[in-house]
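In case you want the letters, here they are:
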Amino acid sequence: MAVYTQIGAEEMAALVNEFDVGELVSAKGIAEGVSNSNWLLETTGRDGSGARFILTMYEFRIELEDLPYFLSLLDHLAAKGCPVPRTIHDREGALFRRRGEKALALIEFLPGVSVSEPTVGQARAVGAALAQMHAASADFAGSRANGMGLAEWQRLFDECGPDSLASIDPELAGLVAEQMPKIAAGWPKGLPRAVIHADLFPDNVLMLGDRVTGLIDFYFACNDLMAYDVAVTHAAWCFDATGRNFSAELSQALLEGYESVRPLSAEERAALPLLAQGAAMRFTSSRAYDWLNTPADALVVRKDPMAFARRLQFYAANPEVFA
Ligand SMILES: Nc1ncnc2c1ncn2[C@@H]1O[C@H](COP(=O)(O)OP(=O)(O)OP(=O)(O)O)[C@@H](O)[C@H]1O
Ligand SMILES: N[C@@H](CCO)C(=O)O
């Protein structure tokens, strides 16, 4: 269960009082999630009719100076009609509050559930929501570099070292050594950029049926190539959990959904095979690092790096899926 910090009832009630959201009725820790502690809060609401919120405590991996970017991005996208939760500002207008070394933010609760076996209709809807987000970010003033770009994948692999990579799978070090230079050499320059989500996995999308009700967890968001975000989302949605089975139907639906809102240029489409290899490499690197560095008694379940190494092999062998 990923609630790393305990907050007592009195402190929680006092914290809620710092926002104009009514009084605290209940607070429940949310088990999902790896990076942050999250609680589902129920309050009496401003008008007494009840309201729900997500309280997030930023625990690791997030630099506090990035929080204004992430949280004001939510406000910007929500104001443009994207299905993202608004940030609830405190009574002084602040986007987040400090608690010692850490920070807390109150976020609008959105209905919906994360799907584990997406349908074609759901893949199409997610593609469209991603394109809507890209388009809506065009006039967002904030800017943030991608901290999980090529240099960081290489750094994570170097920190693991070839012997440890081989302990995950005998083929992994060889695959990385063969593919990293090719991906780096071919990485496209000059494709259109916007704010990208960069981690739009099914667990970061809330859905009701075929409708996207929430894009959440924007904590890797940054300014980068929109086509790379399409590639990340493709890698996350179009395979089964093992990465062994690719779904051409989900792939087609995701790309069609995206292009129903924002058509890809010929250059972007041509770059997708390599960008998808990069996307698969990015998650192989972070999962491999976490696999080797997560203590056995940690609260969180390690994710299999090979599920993305297999996607990498698939994309390298099958560029025609983006034709
Ligand atoms: N705005 C929201 N509305 C409804 N539920 C939400 C919202 N934000 C988060 N949740 C719920 O909380 C869970 C954890 O949130 P989130 O994925 O942001 O945590 P995290 O620790 O940042 O995750 P990650 O494992 O991706 O790093 C989600 O799976 C979802 O169930
Ligand atoms: N969505 C990522 C975790 C965030 O980097 C994964 O499944 O590996």
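Since the structure is predicted, the reported quantities are computational estimates derived from the model, not experimental observations.

About the criteria used
Residues numbered from 1 in each chain as written. Chains lettered and ligands numbered in written order. Predicted model: local features only at pLDDT ≥ 70, side-chain atom pairs only at ≥ 80, totals over all residues. Helix = DSSP H or I, 4+ residues; strand = E, 2+ residues; numbered from the N terminus. Buried ≥ 20, exposed ≤ 12 C-beta atoms within 10 Å, placed from the backbone. Contact = placed C-beta atoms within 7 Å. Near = placed C-beta within 6 Å. Nonpolar A, V, L, I, M, F, W, Y, C, P; charged D, E, K, R; others polar. Axes fitted to C-alpha atoms, helices over the stretch in contact; angles between N-to-C directions. Parallel < 35°, antiparallel > 145°, perpendicular 65-115°, else oblique. Left-handed = near helix turned anticlockwise from the far one by under 90°. Pairing = 2+ DSSP bridges.

Participant: Go over the environment of Leu 77, please, and point to the residues and values.
Facilitator: Assignment of secondary structure puts Leu 77 in helix α2 (residues 67-79). On the neighbour-count criterion, Leu 77 (24 C-beta atoms within 10 Å) is buried. When the C-alpha atoms of Leu 77 and His 134 are compared, they prove to be 9.4 Å apart, with 57 residues separating the residues in sequence. Among residues more than four places away in sequence, those in contact with Leu 77 are Cys 82, Val 84, Met 133, Ala 136 and Ser 137.

Participant: Can you tell me about the site of ligand 2, naming the residues and giving the values?
Facilitator: Within the structure, ligand 2 sits among Asp 199, Phe 201, Phe 283, Ser 286, Arg 287 and Lys 303. Residues of the shell around ligand 2, tallied by class, amount to two nonpolar, one polar and three charged.

Participant: Account for the packing of helix α7 (residues 226-237) against helix α8 (residues 248-261), with residues named and values stated.
Facilitator: Running from N to C, α7 and α8 point in directions that differ by 150°, and their axes come no closer than 10 Å. As judged from the angle between their axes, α7 and α8 are roughly antiparallel. Like other packed secondary-structure pairs, α7 and α8 cross with a definite hand, here right-handed. Listed contacts from α8 to Val 230, Thr 233, His 234 and Trp 237 of α7 are Leu 250, Ser 251, Leu 254 and Tyr 258. Here the contact of α7 with α8 is built from residues that sort into five nonpolar, three polar and no charged.

Participant: Talk me through the pairing of strand β9 (residues 211-215); I want residue IDs and the actual numbers.
Facilitator: Looking along a regular strand, one sees side chains alternate from face to face of the sheet. Taken together, the four bridges between strand β8 (residues 205-208) and β9 define a ladder with antiparallel strand orientation. Within β9, the residue paired with Val 205 across the bridge is Leu 215. Between β8 and β9, which pair antiparallel in sequence order, lie two residues; one of them, Gly 209, sits at a positive phi of approximately 60°.

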